[in-house]
Amino acid sequence: QLQLVESGGGLVQPGGSLRLSCAASGIGLDAYAVGWFRQAPGKEREGVSCVSSSGHNAHYVDSVKGRFTISRDNAKNTVYLQMNSLKPEDAAVYYCAAGVYPPRCEVEHFDSWGRGTQVTVSS
């Protein structure tokens, strides 16, 4: 059974950086696409970035393009989200999730979820 645990969240000033990690256990992550999702208070959970099982294809929501980078190290069973130039609107609980051949980077196409890590962006 696949289990995912997020880490790396915290409090950062606008313009700062964080790197989130999603560590998998139970079974190997190499057969799964992985996505990062976020949910701010009062808002729907949205797909931020997704990466294919091979790591060769990645998607980013328009609002984070040029600032965030998703990567994976299948040998370490870990997926990362490097977040640079953080803005207050990036503040949310960030979740990682795994799915098999998701057609889109959307919540309904992922079925294994971590419990989330809080990202706060504030002066």
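Below or above, wherever it landed, is the structure these notes cover.

Basis of the calculations
- Residues numbered from 1 in each chain as written.
- Predicted model: local features only at pLDDT ≥ 70, side-chain atom pairs only at ≥ 80, totals over all residues.
- Heavy atoms only, no water.
- Disulfide = S-S within 2.5 Å.
- Helix = DSSP H or I, 4+ residues; strand = E, 2+ residues; numbered from the N terminus.
- Buried < 20%, exposed > 50% of the residue type's maximum accessible area, 1.4 Å probe, protein only.
- Core = buried A, V, L, I, M, F, W, Y, C linked by side-chain atoms within 4.5 Å.
- Contact = heavy atoms within 4.5 Å.
- 1 Å grid on protein atoms, 1.4 Å probe; cavity = no way out; pocket = protein on both sides within 12 Å on 5 of 7 lines; lining within 4 Å.
- Points joined across faces, edges and corners; volume = space filled by probe spheres on them.
- Nonpolar A, V, L, I, M, F, W, Y, C, P; charged D, E, K, R; others polar.

A word on the state of the cysteines
1) Next: In total, this model carries two disulfides according to the counting rule given.
2) Next: Bridging Cys22 to Cys96, the disulfide has an S-S length of 2.1 Å. Judged by the torsion about the S-S bond (70 degrees), the Cys22/Cys96 disulfide is right-handed. Taken as a pair, Cys22 in strand S3 (residues 18–25) and Cys96 in strand S9 (residues 92–99) lie far apart in primary sequence, 74 residues in all. No difference in accessibility class separates Cys22 from Cys96, as the two residues are buried.
3) Next: Here Cys50 is linked by a disulfide to Cys105, with a sulfur-sulfur distance of 2.0 Å. Disulfide Cys50 to Cys105: torsion about the S-S bond roughly 80 degrees, handedness right-handed.

Side note on the nonpolar core
1) Next: Counting 28 residues, the largest nonpolar core has Leu29, Trp36, Leu81, Met83 and Tyr94 as the members making the most contacts within it.
2) Next: Secondary structure elements with two or more residues in this core: S3, strand S4 (33–39), strand S5 (46–51), strand S7 (68–73), strand S8 (78–83), S9 and strand S11 (117–121).
3) Next: The residues contacting Leu81, other than those within four sequence positions of it, are Leu18, Arg19, Leu20, Trp36, Val48, Ser49, Phe68, Thr69, Ile70 and Tyr94.
4) Next: Grouped together as the second largest cluster of nonpolar side chains are five residues, Phe37, Cys50, Cys105 and Phe110 included.

Let's talk about the layout of surface pockets
1) Next: The calculated volume of the largest pocket comes to roughly 220 Å³.
2) Next: Lining the largest pocket are 15 residues, and of these Ala33, Cys50, Val51, Ser52 and Pro102 sit closest to its centre.
3) Next: Among the secondary structure elements, those contributing two or more residues to the lining of the largest pocket are S5 and strand S6 (58–60).
4) Next: Class assignment of the residues belonging to the lining of the largest pocket gives a composition of ten nonpolar, four polar and one charged.
5) Next: Counted as a void, the second largest pocket has a volume near 180 Å³.
6) Next: The wall of the second largest pocket is formed by 13 residues, among which Arg38, Ala40, Lys43, Glu46 and Glu89 lie closest to the centre.
7) Next: Of the residues belonging to the lining of the second largest pocket, the class tally is three nonpolar, two polar and eight charged.

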